[in-house]
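In case you want the letters, here they are:
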There are 4 protein chains.
Amino acid sequence: MPRPKLAFLTDLVQAITGTERIGRKSAPPDENATRKALARPAPERLAAACEVLMGRIGDAARVAVAEQALAAYAELDATGKRGFFDLLRDHFDADPTLIRRAFAAYDAAPSAATLVPLFDAVEPPRQTLLRRLNTAPGATRKLVDMRADLLIAMRNDASLRPLDADFAHLFASWFNRGFLRMERIDWSTPASVLEKIMAYESVHPMQGWEDLRRRLDPADRRVYAFFHPATGDEPLIFVEVALTRDTPDRIAPILTAPVAPEAEEATTAVFYSINNTLAGLKGVSFGNFLIKQVVAELAAELPALRRFVTLSPAPDFAAWLASGEDARGPALAKRLAVDGWQNDTAEAARLKPEVEALAARYLTGARNRSGAPRDPVARFHLGNGAAAWRVNWPADLSEGALTRGHGLMVNYLYEPAAIEAQHEAFVRDGTIATGAPLAAALTR
Amino acid sequence: MPRPKLAFLTDLVQAITGTERIGRKSAPPDENATRKALARPAPERLAAACEVLMGRIGDAARVAVAEQALAAYAELDATGKRGFFDLLRDHFDADPTLIRRAFAAYDAAPSAATLVPLFDAVEPPRQTLLRRLNTAPGATRKLVDMRADLLIAMRNDASLRPLDADFAHLFASWFNRGFLRMERIDWSTPASVLEKIMAYESVHPMQGWEDLRRRLDPADRRVYAFFHPATGDEPLIFVEVALTRDTPDRIAPILTAPVAPEAEEATTAVFYSINNTLAGLKGVSFGNFLIKQVVAELAAELPALRRFVTLSPAPDFAAWLASGEDARGPALAKRLAVDGWQNDTAEAARLKPEVEALAARYLTGARNRSGAPRDPVARFHLGNGAAAWRVNWPADLSEGALTRGHGLMVNYLYEPAAIEAQHEAFVRDGTIATGAPLAAALTR
Amino acid sequence: MPRPKLAFLTDLVQAITGTERIGRKSAPPDENATRKALARPAPERLAAACEVLMGRIGDAARVAVAEQALAAYAELDATGKRGFFDLLRDHFDADPTLIRRAFAAYDAAPSAATLVPLFDAVEPPRQTLLRRLNTAPGATRKLVDMRADLLIAMRNDASLRPLDADFAHLFASWFNRGFLRMERIDWSTPASVLEKIMAYESVHPMQGWEDLRRRLDPADRRVYAFFHPATGDEPLIFVEVALTRDTPDRIAPILTAPVAPEAEEATTAVFYSINNTLAGLKGVSFGNFLIKQVVAELAAELPALRRFVTLSPAPDFAAWLASGEDARGPALAKRLAVDGWQNDTAEAARLKPEVEALAARYLTGARNRSGAPRDPVARFHLGNGAAAWRVNWPADLSEGALTRGHGLMVNYLYEPAAIEAQHEAFVRDGTIATGAPLAAALTR
Amino acid sequence: MPRPKLAFLTDLVQAITGTERIGRKSAPPDENATRKALARPAPERLAAACEVLMGRIGDAARVAVAEQALAAYAELDATGKRGFFDLLRDHFDADPTLIRRAFAAYDAAPSAATLVPLFDAVEPPRQTLLRRLNTAPGATRKLVDMRADLLIAMRNDASLRPLDADFAHLFASWFNRGFLRMERIDWSTPASVLEKIMAYESVHPMQGWEDLRRRLDPADRRVYAFFHPATGDEPLIFVEVALTRDTPDRIAPILTAPVAPEAEEATTAVFYSINNTLAGLKGVSFGNFLIKQVVAELAAELPALRRFVTLSPAPDFAAWLASGEDARGPALAKRLAVDGWQNDTAEAARLKPEVEALAARYLTGARNRSGAPRDPVARFHLGNGAAAWRVNWPADLSEGALTRGHGLMVNYLYEPAAIEAQHEAFVRDGTIATGAPLAAALTR
């Protein structure tokens, strides 16, 4: 994306602040020039607006320019976005000369005082630019979506990673846990929020409004979400909970035939679906906070609850089995691949011990390159301090679950008194806390 | 502040997460040790909690530890705070070795990619620490107050400035204009907010609830404030507006005897008091945004309004007169210092042309060391793009106004169509836009 | 329904107030007796509770007893309800002896003063009973449903009419227009309200959530409803509005393919569906108030609107045609009954003038026994002061509309300046205001 | 108030509906005539508007006419109001001819069916008129104030009592307990509501905002109020509560020096002030419902509470003592009238047993003409089912309390398990439940 010329910049500022004009309208200096400025292609307008935002413009006018910049961005196609990301990376990068100069001063006398100018030199100007873009109304949501575009563009081009680091850095501040607000989602929630819940549910997709209602209206169901003031009624993450009397070993009864016990009689809260919503917030972790707060809320409201447990998928189990990392895996994978056991109780009963034994091994033994558990869901819950409580098979006969995990599901247990110690052991040396049922499966 | 030992850290974490324990209580490993940990002096607990926050603790447990840290900070006296600031500056500073290593790599091949690790090395760990402290409930407000403490400590010790830079950097992100919410303050506002408005009003202090009511309840009065989601019902800045038919030339009628015209008939909105509230937010500018948004709101609601103007103090006028920077100043200052003209109409009439002539010179000519206008209120409004419209004398006979400005007040005009150009000219070369009345006073 | 005995009454009160017990539980005097009281059949408990409510019970305990009475009512089947209505009519009727005595006194000296005791004697005790039942939480809604039951029971038994008069009398007070709150229904309305809108829409039934959304979310659509504080989130009546540039002559484009013009450009507000919701509120009129308030709200929000018009069904047109009241009717009815013109443009074009001519006659000439317009929708809108503007054929090809009105629809025009005069003329001598198009159709 | 003529009526309707005109303005038929109509004296306009309201006007136009009527009423002075009340009583009275005719039919065949027309004939048209006035925005509050005016006018003229019966009858329906909403009043309540609480508190008047704050902000204080949807933010009744560890025996510590225990440790809820607010709602009882609901709310929130007790004045004790109904009274009254015991501990100690003994007699023995307790506060609480628990002397040294009750205060105990039985015994035969301390005082 080429850098804009000065005359155009001036015209653009006049066009924007003349149009947007606080309160009253009045003719801008040269209507013709400003009209032309606004008619230029979106990439040019965007580049120019960014230039202006980094310049000597008044704080208040900045809001209008930031709005124009984001509007221009919204007109870009993939190529245009890619051009803009390149511009951000290259043109709004830190200046090596300034960095070298500041480093020299720091190097000569390292101190908190000499660090400040070095920090200022090292912080890429695009961070400031993003902060200024964020002054426009509704900008935060648009910047989150901009990063989602960036994540897509990055798949083919690692050179954009430094730019992503800037987004991640800013979002960690903006989406600080202290700014989040937890809310219960129920049948009196506005429809505009509910349809988002429906659209974002990807663990156990919903079939429509009646399905949605079944998950949040009955007395034994709860849905909670985090919201951020700058992204309005957009849920950032939500968790679906069923209140039961036992730790469930399959998903179907929860999804399809809820025999609602009185919530007061439930002893177990089952977290059976957790969904992040905005792709652009990748890496900004909310899930642990949400689970903790939901546990606290439910414990306070329903003193009879004694157990907080998940019913989670094992999305990498099928690939691991097939990989042959465990010698018995491929043969078992073949038998599971044959349709039939789903409707053949005897065959399923024969398979069950072996599947669960290997599932237990998979959860406790399979590691990724960093040495963490291979299963991403396991990484999340164990990293939160939960224990791998029990493997359940067959537990989910939906197509996706069969393909990715042969129908396996796992209960992770959140035992409040043990969470911190288990978390620390997991982080320190990878120790995985296991429940008695899972330990038993391991011995098979 | 000395750094804490490991055993104490472990005990402290257990004490905190054992106490706070999600949902249910259960006995921590060694009650005695943890009790002792919580009984240690506040500085020790604070230092230990910070250490823990930077360590391998679970995200969720972090909230509890952050809460403890802020609670311990609240127990500190000035010396304790000073010790904590030193600790932040020195112990949570960036590591020169890491910086040098990252710089070497960058220096060898400067690029956005090599900049990322350098940025990470240069960002002081205390920024991360402050972000983690900010996960506790209500933390943002406490961190703002912590910076207010820091600003006081800095008065005698410039070595704390780097630490302040970190606060300023974080607050600029957290208090981004996009996160602020403007609200009208009126007689149906909760009393808990109103008493804060009363307490924070320092331009024209209020005498109590009846005075407050006179400023926000009548149809010709408005008060607007900015709020931030993380600081709840704490107004961050507020502006008081009177709707009139003329540009006022003195404050008393506005404060004391409002003959309310119907708001619909008003042609002029007078901003007669703007107050920032939290000392810890120094340097985070809200005023320009607030004024712009209030102008937009009033213009939309009351189409008859044609003029947006301030009635502002001139807090440095007396000092400037006395300084002799203008040769006629000291003599005039002496005549003004003699009590009497306040009640002597003839004398006041004699003084008026001279005072206003010098006031006009003061506003347009007096500069501080940076070359900006000497008067801080002028700097603010001119920097926002307003014009210095008229000087008014005598306009405020309250004691403070007499002492600091000999009773002078200034109207700054916010002419929407002219704001941006005036702002740019002011920033570019210090050009001060003046109104016809002020220009006339200059020629006297 | 037999009247309950005293011992049972005492036991019942103890059972109820012992169970419900303010704040704390404590054993009631004789647990066995009270348990038995609560185990009696619902009709007995209901009769007993009513007896107690009319007796010497404390105001606060009344709430608990009223709650029990309504709970017992909810258990009744049709026969049980019928029994209860008989009880209300006969047992809680006014006392002839008291009436005669009070009348004698009044008759001797008619005055406002002697009227008071007569009024008290004449007011049936069941009105007091209903008012006392209404102290229970949620009672108002339950009493409205009770009257809906009564209306059903009345179909076969005119002897219940006096009882209905009491309900109507009370509801007129309780649902006074001053207590209603108009709210806009849109996509941010709670789902629990939206599903009621969907269920209650009977003029043009909705096919599901997407259909609902099409009627309230686009910029050119509006839905408004009245709510009453005592019936919570239950809409009492709602009206659906489309904002258009022309007076529409058929319903399909409005229901199915909304090409949304910007609401700001619309010149016409079309009220295309008005629905009362609670059968038990029959005769309590809200529609006129709602239409008036919606007109006022839209006119204030969208100054470009110049026309407020309905697109309404003509539900009795088919029956009137067939009746032969107009000699040409039966022949035309026969031709319309033959399927075919719906898909035969030429035939429809041939039929159109004749259908519209007879439709115009039907609207302006056909009367019911009371001399009012035969068409109930015409009665409503003309009674509100609207004009019969235009007949449109074919305008609605849905099955119900074909059956009842051969697909005819009518525009009634609400011309604000003319409403009052038209209303008065209509009430005074039945004068029907007509629009030019309808007048033209009359001359055919 | 003379009845208006027809031409004037027509002009008035045109003036009102032409002015108010739904949505758009358009010239009314004869501007001159309508202008004149609106310029007529308020009594004429009011009488005319009432006439119109009872006539053939459209439901929607009625709202505008009702509004005009209430506006005209607001212009009346005491004489004008009196004239209007006479008009209501005489002109909008029931018609004896219709009554006689309806009675004859009823008398011939008394039944629920013949009762309906009799009821309609007997209900004074002014009830319908008041219901129609109530359709105007904000009308309910204005009608409540109208009745307050009526109550004043009635002091000198019993002939208005029948009119008052109509108001009372309607208000009992409109202010049905089912329509009331209880809300906690605290420091986050809008100032506009708080100032009403301050103004209406007459039991222990407040000295200003700080005093108000002391009564509702500390953790050991609560204020609750009832609101009605049609009277908006006007509290109808409110109760002030202190949470303590003992049953208090004097008011000063509660009002002046609250040493707030944590609310959680309190065992006793003390209702120390109950205030009705709107004079026009006289006879519509809310207090019993409010107390019951507050007890329920507090019991649920603070399980440690075991005791719900009042600290109440005895406003008629001084008059009773002086009356000599008890032979020892006058002498004691004389000793109490001598200033001095307030500051003379020994004298107060000597007086205490005798005062308390007579106070106990006063509460349990003194009756009014109807046989109910002479003390109005006792009537209220005993009628609610409370017990007279203890007499406390000296308990309130404020001037009013000394004058009316020699400083006596009474604790009434609300024992949930006993309320209903005590209420019934009190209503049945006047039995007064007493606490052990009061019983002991009786024996002295």
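Residues numbered from 1 in each chain as written. Chains lettered and ligands numbered in written order. Predicted model: local features only at pLDDT ≥ 70, side-chain atom pairs only at ≥ 80, totals over all residues. Heavy atoms only, no water.

As named in an unreviewed UniProt entry, chain A is Malonyl-CoA decarboxylase, taken from Gemmobacter caeni.

J.: Explain the relation of the copies chain A and chain B to me, and be specific about the residues and the numbers.
T.: Laying chain A over chain B is done by rotating through 180 degrees and shifting 0.0 Å along the axis; what remains is an RMSD of 0.1 Å. Within this description, the copies of the chain are treated as partners about a two-fold rotation axis. Both copies present the same face, since 100% of the interface residues in chain A are matched by interface residues at the equivalent positions in chain B. (Least-squares fit on C-alpha atoms with pLDDT ≥ 70 in both. Contact = heavy atoms within 4.5 Å.)

J.: Let's hear about the packing of aromatic side chains: which residues, and what values?
T.: Under the definition given, this model contains 58 aromatic pairs over all chains. Note on A:Phe317 and A:Tyr362: the rings are 5.4 Å apart at their centroids and 55 degrees apart in plane angle, and the pair reads as tilted. With A:Phe317 in helix α15 (residues 317–323) and A:Tyr362 in helix α17 (residues 345–365), this residue pair connects regions lying 45 residues apart in the sequence. Using a relative accessible area of 0% as the deciding quantity, one classes A:Phe317 as buried. Taking the centre distance of 5.7 Å and the plane angle of 80 degrees together, the rings of B:Trp187 and D:Trp209 count as edge-to-face. In this pair, B:Trp187 is assigned in the loop between β1 (181–185) and α11 (191–200) and D:Trp209 in helix α12 (residues 209–216), connecting two distinct chains. Side by side, B:Trp187 and D:Trp209 carry an identical accessibility label, which is buried. A connected cluster of aromatic rings, assembled from ring pairs, spans A:Phe167, A:Phe171, A:Trp174, A:Phe175, A:Phe286 and B:Phe179. Directly above the ring of B:Trp389 sits B:Arg307, whose terminal nitrogen or CZ lies 4.5 Å from the centroid. (Phe/Tyr/Trp six-rings, centres within 6.5 Å; stacked < 30°, edge-to-face > 60°. Helix = DSSP H or I, 4+ residues; strand = E, 2+ residues; numbered from the N terminus. Buried < 20%, exposed > 50% of the residue type's maximum accessible area, 1.4 Å probe, protein only. Lys NZ or Arg CZ within 6 Å of the ring centre and 35° of its normal.)

J.: Give a description of the packing of helix α9 (residues 139–154) of chain D against helix α10 (residues 161–174) of chain D that names residues and reports values.
T.: Residue and element names in this part refer to chain D. Packing of α9 against α10 brings their axes to within 10 Å, and their N-to-C directions diverge by 150 degrees. Overall, the two elements α9 and α10 adopt an arrangement that is roughly antiparallel. Crossing of α9 against α10: the hand is left-handed. Mapping the contact onto sequence places Thr140, Leu143, Val144, Met146, Arg147, Leu150, Leu151 and Met154 in α9 and Arg161, Leu163, Asp164, Phe167, Ala168, Phe171 and Trp174 in α10. Class assignment for the residues of the contact of α9 with α10 results in 11 nonpolar, 1 polar and 3 charged. (Axes fitted to C-alpha atoms, helices over the stretch in contact; angles between N-to-C directions. Parallel < 35°, antiparallel > 145°, perpendicular 65-115°, else oblique. Left-handed = near helix turned anticlockwise from the far one by under 90°. Nonpolar A, V, L, I, M, F, W, Y, C, P; charged D, E, K, R; others polar.)

J.: Which residues make up the environment of B:Asp93, and what are the values?
T.: With respect to the element layout, B:Asp93 can be found in the loop between α5 (78–91) and α6 (96–108). Among the residues examined, B:Asp93 registers a relative accessible area of 16% and is labelled buried. Sequence separation of B:Asp93 and B:Thr345 is 252 residues, and the distance between their C-alpha atoms is 63 Å. Dropping the residues within four chain positions of it, B:Asp93 is found in contact with A:Ser111, A:Ala112, A:Leu115, B:Leu88, B:Pro124, B:Pro125 and B:Arg126. Side-chain polar atoms of B:Asp93 contact the side chain of B:Arg126, separated by 3.2 Å. (Polar contact = N/O pair within 3.5 Å; in protein donor to acceptor, adjacent residues only side chain to side chain.)

J.: Requested: an account of helix α17 (residues 345–365) of chain B, with residues and values cited.
T.: Residue and element names in this part refer to chain B. Its 21 residues place the ends of α17 29 Å apart at the C-alpha level, agreeing with the 30 Å of an ideal helix rising 1.5 Å per residue. A maximum bend of about 35 degrees is found in α17 at Leu351, where proline Pro353 lies one to four positions downstream. When α17 is considered as a whole, its buried residues turn out to be Glu347, Ala348, Leu351, Val355, Glu356, Ala357, Leu358, Ala359, Ala360, Tyr362 and Leu363. Along its buried surface, α17 packs onto α15 (317–323), α16 (329–337), α18 (376–383), β7 (387–392), β8 (409–413) and α21 (436–443). (Expected span 1.5 Å × (residues − 1). Bend = angle between axes of the 7 residues up to and from the residue.)

J.: Help me get a handle on the packing of helix α11 (residues 191–200) of chain C against helix α12 (residues 209–216) of chain C, residues and values and all.
T.: Residues and elements named next belong to chain C. Orientation of α11 relative to α12, taken along the N-to-C sense of each, is 95 degrees, at an axis distance of 10 Å. Classified by the angle their axes make, α11 and α12 are roughly perpendicular. On α12, the residues touching Ala191, Leu194, Glu195, Ile197 and Met198 of α11 are Trp209, Leu212 and Leu216.

J.: Summarise the domain arrangement of chain A; cite the residues concerned and give the values.
T.: Residues and elements named next belong to chain A. Annotation of chain A at the domain level lists domain 1 (6–96 + 122–174) and domain 2 (178–442). The gap between the C-alpha centroids of domain 1 and domain 2 is 40 Å. Taken together, the 9 residues of domain 1 in the interface contact 12 residues of domain 2. Taken together, both faces of the contact between domain 1 and domain 2 bury some 870 Å²; the carbon and sulfur share is 62%. Two residues, Glu234 and Arg141, come together in a salt bridge whose shortest N-O distance is 2.5 Å. At the boundary of domain 1 and domain 2, one finds 4 residue pairs in polar contact (both at pLDDT 80 or more). Put simply, the parts of the chain that give the side of domain 1 that touches domain 2 at least two residues each are α9 (139–154) and α10 (161–174). (Domains from an automatic or database assignment. Buried area = accessible area lost by both parts, 1.4 Å probe. Salt bridge = Lys/Arg side-chain N within 4 Å of Asp/Glu carboxyl O.)

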